[in-house]
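A look at the structure
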Amino acid sequence: MTSCLRVAPEVGWAQRRDRIFLTINVRECPKNYKLDIDSKKITFSGNNEQGTKEYVLDLDLYGEVNKEKYKMLASDRSIQLCLTRVEEGEYWPRLLETKIKCHFLKTDFNKWKDEDETDDEDESANWESMMNNMNIGGTELGSEDEVADSDDDDLPDLEDDKDIEKLE
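An account of the accompanying structure is given in this report. As the structure is a prediction and not an experimental result, all values here were calculated from the model.

1. Here's the deal with the overall build of the chain
Helix and strand content of the chain: three helices and nine strands. When its helices and strands are written in sequence order, the chain yields β-β-β-β-β-β-β-β-β-α-α-α. Contacts in the chain between residues at least 24 apart in sequence constitute 58% of all its contacts with a sequence separation of at least 6. Counting every atom, the chain has about 13100 Å² of accessible surface; 45% of that belongs to carbon and sulfur.

2. Brief notes about the layout of surface pockets
When its volume is computed, the largest pocket comes out at roughly 170 Å³. It is strand β9 (residues 105-107) that contributes the most residues to the lining of the largest pocket, three residues altogether. Classifying every residue of the lining of the largest pocket by side-chain character gives six nonpolar, two polar and four charged.

3. Quick word on the sheet that holds strand β3 (residues 19-25)
Pairing within the open sheet is mixed, and its five strands lie in the order β7-β8-β3-β2-β9. Two strands lie at the open edges of the sheet, namely β7 (65-74) and β9, each paired on one side alone. Here the strands of the sheet are splayed against their neighbours by 25° on average, with no regard to which way each runs. Two elements, strand β2 (residues 10-15) and β9, share three bridges in a ladder whose sense is parallel. Across the sheet, residue Gly12 finds its bridge partner in β9, namely Lys106.

4. Some words on the environment of Lys69
Turning to its location among the elements, Lys69 is positioned in strand β7. In sequence terms Lys69 and Leu83 are 14 residues apart; their C-alpha atoms lie 6.9 Å from each other. Contacts of Lys69, omitting those with residues within four sequence positions, involve Cys82, Leu83 and Thr84.

5. Quick word on the nonpolar core
Counting 25 residues, the largest nonpolar core has Leu22, Ile24, Phe44 and Leu95 as the members making the most contacts within it. When contributions to this core are tallied by element, the ones reaching two or more residues are β2, β3, β4 (33-37), β5 (41-47), β6 (53-60) and β8 (78-85). Discounting residues that sit within four places of it in the chain, Leu95 has contacts with Trp13, Ile20, Leu22, Asp60, Leu61, Tyr62 and Leu105.

6. Details of the pattern of salt bridges
A full pass over the atoms with the stated rule returns seven salt bridges. Here Asp60 ties to Lys41 by a salt bridge, and the two come within 3.1 Å at their closest N and O atoms. One end of the pair, Asp60, is in strand β6; the other, Lys41, is in strand β5, and 19 residues separate them in sequence. Taken together, the shared-partner salt bridges in this structure form one network comprising Lys41, Asp58 and Asp60.

Rules of the game
Residues numbered from 1 in each chain as written. Predicted model: local features only at pLDDT ≥ 70, side-chain atom pairs only at ≥ 80, totals over all residues. Heavy atoms only, no water. Helix = DSSP H or I, 4+ residues; strand = E, 2+ residues; numbered from the N terminus. Contact = heavy atoms within 4.5 Å. Areas by Shrake-Rupley, 256 points an atom, 1.4 Å probe, with all protein chains shown as cover. 1 Å grid on protein atoms, 1.4 Å probe; cavity = no way out; pocket = protein on both sides within 12 Å on 5 of 7 lines; lining within 4 Å. Points joined across faces, edges and corners; volume = space filled by probe spheres on them. Nonpolar A, V, L, I, M, F, W, Y, C, P; charged D, E, K, R; others polar. Pairing = 2+ DSSP bridges. Axes fitted to C-alpha atoms, helices over the stretch in contact; angles between N-to-C directions. Core = buried A, V, L, I, M, F, W, Y, C linked by side-chain atoms within 4.5 Å. Buried < 20%, exposed > 50% of the residue type's maximum accessible area, 1.4 Å probe, protein only. Salt bridge = Lys/Arg side-chain N within 4 Å of Asp/Glu carboxyl O.

Printed below as a string of structure tokens:
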């Protein structure tokens, strides 16, 4: 009888105001798993094809998710979940209820957006027009008069080479 090694799979996570994204990386257990999603808990278990590893995951979530409204995509390498939060609003300070750092839990920066970022991609496209509309020079927009700038004044001539020779 072979012994089965219990392992916690690597989990990547990201969030939005209304959703939580989870990626459970289980490269060797594409079909042989059990996943349960509750309002404040996610459990996962599965064996690899060889039967030498048992993946076990038990996550007590910081906030509540709607256990009826979620999307899942399972592939040979991972199980991706998009969970809908019960209360839309501020970002959770962490994924888990506990403050203890888990070695298998990582931030998924490919899906992460900061709380102050908007979902509208158009806003980044309008960056140039926003900069053009700013009153950086201190003049009214649409003013056609040139404003005198101290940098535009003529500079005095440099000393003649003859004066430098006298000093030597």
